[in-house]
Amino acid sequence: MQYEAIIGLEVHVQLKTQSKMFCGCRNEYGGATNTHTCPVCLGLPGALPVPNAEAIERTVLTGLMLNCHIAEICKFDRKNYFYPDMPKNYQISQYDMPLCEGGYVILGKYAFPKETQKDPISDAGKKIQLTRIHLEEDVAKSQHFETTSGIDFNRAGTPLMEIVTEADIRSPEEAFAFLTTLKQILIYGGVSDADMEKGQLRCDVNVSVRPVGQEKFGTKCEVKNMNSISGVRRALAYEIQRQIGIVSAGGTLRQETRRWDDPAGQTQLMRIKEDAHDYRYFPDPDLLPVRTTEGITDAARKRLPELPHQKKARFVRDHGVGDYQAEVLVADGLLASYFEKAAAKAKNKGAVANFLINDFLATEPDLAVVQLPPEHFGELSNLVEEGKINSRQAKDVLAHMLESGENPAAIVEKKGMAQVSDLGALEALCDQAIAANPKSVEDYKSGKTAAINAFKGFVMKATKGQANPAVVDEILRKKL
Amino acid sequence: MSLSSSTIAGLRRDLASGKTSSKEIVQDLLARIDKVDPKVKGYLRVNREAALKDADTADLSKPLGGIPIAIKDNINALGEGCTCSSKILEGYKSPYDATVIRKLREAGAILLGRTNMDEFAMGSSTEHSAYQKTRNPWNLDCIPGGSSGGSAAVVAADEAIAALGSDTGGSIRQPAALCGCVGLKPTYGRVSRYGLVAFASSLDQIGPLTKTVEDSALLLNVLSGHDPMENTSRPVAVPDYTAKLNQPIKGLRIGIPREYFAEGMDKEIEAAIRKAIDWYASQGAEIVDVTLPHTSAAIAVYYIIATAEASANLARFDGVRYGHRSSEAADPLSVYKNSRAEGFGPEVKRRIILGTYVLSSGYYDAYYNRAQKVRQLLMRDFEQAFQKCDVILTPTSPGPAFKFGEKTNDPLQMYLADIYTIAVNLAGVCGLSLPCGFTSSKLPIGLQLIGPHFGEETLLRTGHAYETSHEWAKQRPPLA
């Protein structure tokens, strides 16, 4: 019996705004405990919330980037429950009138885990539908000590975007690809840094299994506490097997909330979901409804960046860059713009791409502060195109360039590396080479064409590698 | 006339002419408080030293320079207590100023002390204070009304020149009527709620309790205005509310809603109100018959919406971050249960339970949602009535001040005390109560004027005309 997994994700993204969602406190990671607080985010008596306009605009921007419908009017609701990390014992969220509805994410090949990129699973360009995106405030952070617990309210009130997918995901790898793609889009939009390890992106999964061909969904479980995108993949892989194990043996599953224990490699029961919590949602009377049609959506639209898949398509089309190369270049927005500057005046943009991908990236540059002017790479590739140096020499120049930051023309001159293309000089050297290798002449004449390399090697050695290989080749063939 | 029995307007003139000093005013008030507050018990705390100190540095060039004001104990003032007459906030010190307090300070006013109230503003008699019983200065066996009973009593007893109160269902107007002073509930959104401990967010407004309508206008000038810290405060320009007080009322259309003059009305109250109506008619006002057809639903609608909002607003009092924390608690749930059980009084608990119920799954549509719809109808009643008249005139309270304990056994009887005031909050319109007579037992009777949204100018002008042609405002309770 073959089983398939049905997976839906609930992703919480911390928006990278300057202030919190409903007060002016700094929205900052780290910081001494309870230093970014005020009456509003502490839930003091008499304090009142005022919405962060930038957070609303960024959420609309996210909705636009993810192909959602932006609601003309939305409101905030109170989600009521008691918990120590909740300053008001209700969370301001959005219930039935969220900011964005629908939408989708398309999974590209290279978003999948590296070792699965050759599988057909990654080819299809699968569309994962979204249900909605809404805006809410984050809760405080609990810390547990030996006999007491403490609460840090720095995080309380951070703007949080909740993105919910339809149950379209069918494998841990698709979930991995979804989160990778989503993260990239969020970074491109300047909406969030989406670093799971810093809690800027949190993901809960809902997963069930059913026999292939069955229409009815199986019982689903919720899994929480994954700290990385690959952790989500591992948790899903485990949970799917666990569920299949039970169901295929004739057992029944309960609706449960489970916790992923990464070191142990297992999910563990947190609580049974028999009674759905009644949150007594009602519209927050302290907050006016928001009309996006009065300028917010227009402003967000102006901020739309060229998205990764759009940039990639453009690189392939306009810069003649290969599919894989384009993928690598657009993975990081800073690298993509560095490349565009580097290739601006280059005759062979593909070569520039290769320099960046194969050599530059190996130096692990911090693209935010890198000093090496991107134009140098373009100049280097032009030197090769124009025959001033050959590609082997280019590698040496590149190495020097990465170390010293000097421009390639200057390096070539300093080191006297100009490619020797002088026919006269090369002819003479070729004659010497032929004269010095009579055996190879015989081999070549008797059909072993590879023997030509012996002469080439001789000429190269004599010119310290600076001979123009194409010209040498031509001369030798004429003479032989 | 002693300083303590004077008005803001009178004292401002005396201060300007040098006839008196702020220090003398404060001293006279303190002496009066010492003499009568042991009987009236309107004050929870008096700022003796601070008020005298502030009097010394009073800036008379400011609109309220040198004038002491009493504050209801649910409005946050930096460094002062803010108990809301509840044990759950015993000892709590406000770390910030409410916007109205900031405005009072900027206007040069002196904060004289904190007045008693029904716990968390839930009540109509101030009997629900966890600390003390405030007595009606006109008859110490009677209640002063509520929930701003302390503020009304101290103004009526000349223990304060003026006071701030809050009004959610009549809590400024009704005690003003029962104590024989002037009480104004501004239009919802006229005065910022930031710093007012919330009872029902869509109904609460802060307003002045004063001896004259002119004083009410003076305070309204200072309190009004849009607040960026408060999303429901409206960006409507603030006129000088004293400017048009003396404009003639000839031709003013005064609406008399037939539903407010039904069978079984208190005879003495009816007589006083009808006499007032006749007086307006004699001054050339046009008396118009209007209808507010959904009046009978108002109390039910109020007690569903107000308690629902309160159940969420009071969830923050959990013993975790501030306020009373039970010593009998060993885990978070116990901290909540025990602290709240110990800290809240029975009326507060009653309303939290009721509010939780009407929001709960399965009941939300039948109660909360339906109540909000009927609320729209009540709003429409007023809109339609105001097409036929400029002001509406009604009694403020169905009866004069009753004796202590008379209604405490039947909460519903107590709720009916709000019958004339409650729809005003639901519709968000403005309402003014001013003295218009006495019962045969020498208990004050109040006249209510209701104006359209942001129609305070008309309201105050209409009230000022009546007040200045009658002697009620000059009467003083027979306190020794």
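Residues numbered from 1 in each chain as written. Chains lettered and ligands numbered in written order. Predicted model: local features only at pLDDT ≥ 70, side-chain atom pairs only at ≥ 80, totals over all residues.

### Concerning the overall build of chain B
Scanning chain B from terminus to terminus reveals 15 helices and eleven strands. Against the globule reference of 23 Å for 480 residues, chain B gives a C-alpha radius of gyration of 21 Å, in line with a compact fold. Along the longest, intermediate and shortest principal axes, the C-alpha atoms of chain B span 70 × 55 × 45 Å. Evaluated residue by residue, chain B yields a buried proportion of 60% over its 480 residues. Contacts in chain B between residues far apart in sequence, at least 24 positions, make up 75% of those at least 6 positions apart. (Helix = DSSP H or I, 4+ residues; strand = E, 2+ residues; numbered from the N terminus. Rg over C-alpha atoms; globule rule 2.2 N^0.38 Å. Buried ≥ 20, exposed ≤ 12 C-beta atoms within 10 Å, placed from the backbone. Contact = placed C-beta atoms within 7 Å.)

### A short note on the overall build of chain A
On a plain count of helices and strands, chain A comes out with 16 helices and 17 strands. For 480 residues, the compact-globule estimate of 2.2 N^0.38 gives 23 Å, and the C-alpha radius of gyration of chain A, at 30 Å, exceeds that figure by more than 25%. Structurally, chain A occupies a C-alpha span of about 95 × 55 × 50 Å along its principal axes. For chain A, the residues scored as buried account for 43% of the 480 residues in total. Across chain A, every contact between residues at least 6 apart in sequence was considered, and the portion connecting residues at least 24 apart equals 71%.

### Observations concerning the sheet that holds strand β9 (residues 391–395) of chain B
Residues and elements named next belong to chain B. On the basis of which strands lie adjacent, the open sheet formed by eleven strands has the order β1-β3-β2-β4-β6-β5-β10-β11-β9-β7-β8 and mixed pairing. Looking at strand neighbours, the two that pair on one side only are β1 (43–46) and β8 (286–290), the edges of this open sheet. Shown here is a sheet whose adjacent strand axes are inclined to one another by a mean of 30 degrees, direction ignored. Here strand β5 (residues 182–185) pairs with strand β6 (residues 205–210) via two bridges, running antiparallel. (Pairing = 2+ DSSP bridges. Axes fitted to C-alpha atoms, helices over the stretch in contact; angles between N-to-C directions.)

### Some points on the pairing of strand β1 (residues 3–14) of chain A
Residues and elements named next belong to chain A. With eleven bridges joining them, β1 and strand β12 (residues 201–211) adopt antiparallel strand pairing. Note on β12: the bridge partner recorded for V11 is C203. The pairing of β1 with strand β11 (residues 159–165) spans five bridges and is classified as antiparallel. Looking at β11, one finds that H12 is bridged to E162.

### Quick notes on the interface of chain A and chain B
Across the boundary between the two partners, chain A contributes 24 residues, which contact 35 residues of chain B. When contributions to the side of chain A that touches chain B are tallied by element, the ones reaching two or more residues are α1 (39–42) and β4 (77–80) of chain A. Here the side of chain A that touches chain B is composed, by residue class, of 15 nonpolar, four polar and five charged. (Nonpolar A, V, L, I, M, F, W, Y, C, P; charged D, E, K, R; others polar.)

### Some thoughts on the domain arrangement of chain B
Residues and elements named next belong to chain B. When its domains are assigned, chain B resolves into domain 1 (8–247) and domain 2 (296–373). Of note, the centres of domain 1 and domain 2, computed from C-alpha atoms alone, are 27 Å apart. Opposite the 20 residues of domain 1 that make contact, domain 2 presents 17 residues. (Domains from an automatic or database assignment.)

### Examining the domain arrangement of chain A
Residue and element names in this part refer to chain A. When the domains of chain A are assigned, the result is domain 1 (3–299), domain 2 (306–414) and domain 3 (423–479). Each of domain 2 and domain 3 has a C-alpha centre, and these two points are 33 Å apart. Contacts between domain 2 and domain 3 engage four residues on the former and four residues on the latter. Its residues assigned to classes, the side of domain 2 that touches domain 3 shows no nonpolar, three polar and one charged.

### A look at the packing of helix α3 (residues 172–188) of chain A against helix α4 (residues 229–248) of chain A
All names here are of chain A. Between α3 and α4, whose axes approach to 8 Å, the crossing angle comes to 160 degrees. With respect to their mutual orientation, α3 and α4 come out roughly antiparallel. Here α3 and α4 pass one another in a crossing that is right-handed. Of the residues in α4, those touching α3 at P172, E173, A175, F176, L179 and T180 are I229, S230, V232, R233, L236 and A237. Its residues assigned to classes, the contact of α3 with α4 shows eight nonpolar, two polar and two charged. (Parallel < 35°, antiparallel > 145°, perpendicular 65-115°, else oblique. Left-handed = near helix turned anticlockwise from the far one by under 90°.)

### What about the sheet that holds strand β16 (residues 282–283) of chain A?
Residue and element names in this part refer to chain A. Pairing in this open sheet of three strands is antiparallel, and the strands run β5-β4-β16 from one edge to the other. If you trace the sheet from one side to the other, it starts and ends with β5 (90–93) and β16, each paired once. The sheet contact formed by β4 and β5 spans four bridges and is antiparallel. The partner of N80 across the bridge, within β5, is Y90.

### Some words on unusual backbone geometry
In this model, G146 of chain B is joined to S147 of chain B through a cis peptide bond whose omega is 10 degrees. Within the secondary structure, S147 of chain B is located in the loop between β3 (110–115) and α5 (149–156). In this structure, N89 of chain A is a non-glycine residue whose phi angle is positive, near 60 degrees. By secondary structure assignment, the location of N89 of chain A is in the loop between β4 and β5. On the basis of neighbour count, N89 of chain A is assigned to the buried category, with 20 C-beta atoms found within 10 Å.

### Some words on the pairing of β6 of chain B
All names here are of chain B. Burial analysis of β6 places six of its six residues in the buried class, which makes it a mostly covered element. The pairing of strand β4 (residues 163–167) with β6 spans five bridges and is classified as antiparallel. Paired with A163 across the bridge in β6 is L209.

### Concerning α5 of chain B
All names here are of chain B. By the criterion of burial, α5 is predominantly enclosed, with eight of the eight residues buried. Considered for burial, the residues of α5 that qualify are G149, G150, S151, A152, A153, V154, V155 and A156. Of the residues one or two after α5, D158 is the one with positive phi, at around 60 degrees.

### Details of the packing of helix α6 (residues 308–319) of chain A against helix α7 (residues 323–331) of chain A
Residues and elements named next belong to chain A. Their axes nearest at 9 Å, the elements α6 and α7 cross at an angle of 135 degrees. When the axes of α6 and α7 are compared, the pair comes out oblique. Crossing handedness for the pair α6 and α7: right-handed. From α6, P308, K311, K312, F315 and V316 reach across to α7, where they touch D323, A326, E327, L329 and V330. Broken down by class, the residue content of the contact of α6 with α7 amounts to six nonpolar, no polar and four charged.

### A word on α7 of chain A
Of all the positions in α7 of chain A, only Q325, A326, E327, L329 and V330 of chain A are classed as buried. Along its buried surface, α7 of chain A packs onto α6, α8 (333–343) and α9 (349–360) of chain A.

### Focus: the nonpolar core
Counting 224 residues, the largest nonpolar core has A175, F178, V205 and V232 of chain A together with I69, I110 and A163 of chain B as the members making the most contacts within it. The dominant element in this core, judged by the number of residues it contributes, is helix α9 (residues 298–313) of chain B, at ten residues. Contact partners of V232 of chain A, with chain neighbours within four places excluded, come to A175, F176, L179, C203, V205 and M226 of chain A. Grouped together as the second largest cluster of nonpolar side chains are 29 residues, F355, L356, L380 and M401 of chain A included. (Core = buried A, V, L, I, M, F, W, Y, C linked by C-beta atoms within 7 Å.)

### Observations concerning the environment of I240 of chain A
All names here are of chain A. Topologically, I240 is positioned in helix α4. I240 gets classed as buried once you count the C-beta atoms within 10 Å, which come to 20. Leaving out residues up to four positions away in the same chain, I240 has contacts with A5, V207 and V209.

### A few points about the environment of A298 of chain B
All names here are of chain B. Locating A298 in the fold gives a position in helix α9. Sequence separation of A298 and D418 is 120 residues, and the distance between their C-alpha atoms is 9.6 Å. When near neighbours in sequence (up to four residues on either side) are disregarded, A298 contacts L378, I422, A423 and L426.

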